[in-house]
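Survey of secondary and tertiary structure
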Amino acid sequence: MTYATDRTWSHVPVGGGRGRGKLDGHYGGFVISFVVAALNEAANIERCVRSVLTLMPSGEQAEVIVADNGSTDGTPALAAAAGARVVSLPGARLGRLRNGGVALARGDVLVFLDGDCALTSEWRDAAPAILAAVRGSERLLAGSHPIPPRGESVFLWTHWFIPLFQQVQTQHLGTAHLICRRADFHAIGGFDETLETNEDYDFCARMRAGGGQLLIHLPMIVEHFGFPRTVRTFFSRTVWHGRGPASTPARLARSPVALLGLAFGTGLIIAVWGSVVGRWAVGGAGLALAVAIVVASHAYKMRHAGVMTHAAALLVWPVFFAGHFTSGVRGMIRWPALLLRRRPA
């Protein structure tokens, strides 16, 4: 089950001293463990750590654990200087990286962030009620979809990321901002360390399969400074995200986005082939398939933000699906080698 809240909760004053609220018994003096994944985030990591340590509600203590993936730009030293504990896991996949951070956690609640994210005052205001809900429920995942930094106007941000992240009917929360009890995290075995990407989608799916729920609270704002600004970086990011679902036939079959990407790319190939050889009916059918996937996806995903208000996103959907098509083809090319490695000698 997925449910959402959109109320703004009453403000709770912030305690003093590096953001660690004075222990007044209001929340029993629990510790919140923020697990931050980072790779070459020298430009962002201090802001991330300090936002956590200065935006804790009264009665809460926070610890920040930065799981570093082998940075070469001084990220670990900057994180430590800002007040975080650092664990270094060079080259680890994201699941292993985040699990390594959790292994050091002392808190009853885990909050997962990316190193290019930062909490906001809105997060602080909403936190008491959301943390109480997480602590008082079994297998409840909470959080929100991070938004791009406010005050800048970037086409992809305005017409893609911001309207998409207004949706509350979704099947997963990303690990750029995900909150759960540590007991629930361990109960389902943490993140899958074999996945290259999409470890958050898999984590949420397993939690829901075990009776878990999602609580998406949009006013709990986290800013994400790493969103792509250009079509080229957006395409590269999409290809990277698609590597997880395309890694095995079973994972691909469970990913609607990956399957739509393959169908979109196949439709375009048929359209080009039909126009080259003069099979106009076949080519037209292929083009119609690709267009139908774009239009239907836009109508479904933008239904909360406004389908026509963000019609400019129709220009982005082809790039999105082309990225997933690229990931899918690359993954299928690797499948034979994967099967051979798994075959008993």
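Report on the accompanying structure. Residue positions are given per chain, counting from 1 as you read along its sequence in written order. Residues qualify for local features only when their pLDDT is at least 70, as the model is predicted, and side-chain atom pairs are given and counted only at 80 or more; totals for whole chains, interfaces and linings, by contrast, use all residues. Note that water and hydrogens are dropped before the side-chain values are worked out from all heavy atoms of the structure.

Overview of the side chain of Asp184
Operational definition: In DSSP terms, a helix is any run of H or I states spanning at least four residues, a strand is any run of E spanning at least two, and both are numbered starting from the N terminus. Think of it in three bands: residues with accessible area under 20% of the maximum for their type are buried, residues over 50% are exposed, and the middle band is partly exposed, with areas taken using a 1.4 Å probe on protein chains only. Between two residues, a contact is recorded if the distance between any of their heavy atoms is within 4.5 Å.
Positionally, Asp184 belongs in helix α6 (residues 182–187). The exposure class of Asp184 is buried, given its relative accessible area of 3%. Discounting residues that sit within four places of it in the chain, Asp184 has contacts with Ser137, Glu138, Arg139, Leu140 and Met207.

Quick notes on unusual backbone geometry
Of note in the backbone geometry, Asn40 takes a positive phi value of approximately 50° without being a glycine. Within the element layout of this structure, Asn40 appears in the loop between β2 (31–38) and α1 (45–54). Not every positive phi belongs to a glycine, and Asn198 is a case in point at roughly 65°. Mapping Asn198 onto the fold places it in the loop between α6 and α7 (199–209). Given the relative accessible area of 24%, Asn198 is considered partly exposed.

Quick look at helix α3 (residues 94–102)
α3 sits mainly inside the fold: eight of its nine residues count as buried. Along α3, the residues that are buried comprise Leu94, Gly95, Leu97, Arg98, Asn99, Gly100, Gly101 and Val102.

So, the packing of aromatic side chains
For any pair of aromatic rings, the description rests on two quantities: the centre-to-centre distance and the angle between the ring planes. The criterion, for reference: Between the rings of Phe, Tyr and Trp (Trp by its six-membered ring), a pair exists once the centres lie within 6.5 Å; its type follows the angle of the planes, with under 30 degrees stacked, over 60 edge-to-face, and the other angles tilted. Charge over a ring is defined by NZ of Lys or CZ of Arg lying within 6 Å of the ring centre and within 35 degrees of the ring normal.
The full count for this structure, using the stated rule, is 15 aromatic pairs. With a centroid separation of 5.1 Å and an interplanar angle of 80°, the aromatic rings of Phe112 and Phe191 are classed as edge-to-face. Within this pair, whereas Phe112 is found in strand β5 (residues 109–114), its partner Phe191 is found in the loop between α6 and α7, the two being separated by 79 residues in sequence. In this pair, the class of Phe112 matches that of Phe191, namely buried. Summarising the aromatic geometry, the rings of Phe185 and Phe191 are spaced 5.5 Å apart at their centres and angled 70° between planes, so their arrangement reads as edge-to-face. When sorted by exposure, Phe185 lands in the same class as Phe191, which is buried. Counting every residue linked through ring pairs, the aromatic cluster contains Trp160, Phe161, Phe227, Phe234, Phe264, Trp317, Phe320 and Phe321. The cationic tip of Arg303 hangs over the ring face of Tyr300; the distance from NZ or CZ to the ring centre is 4.0 Å.

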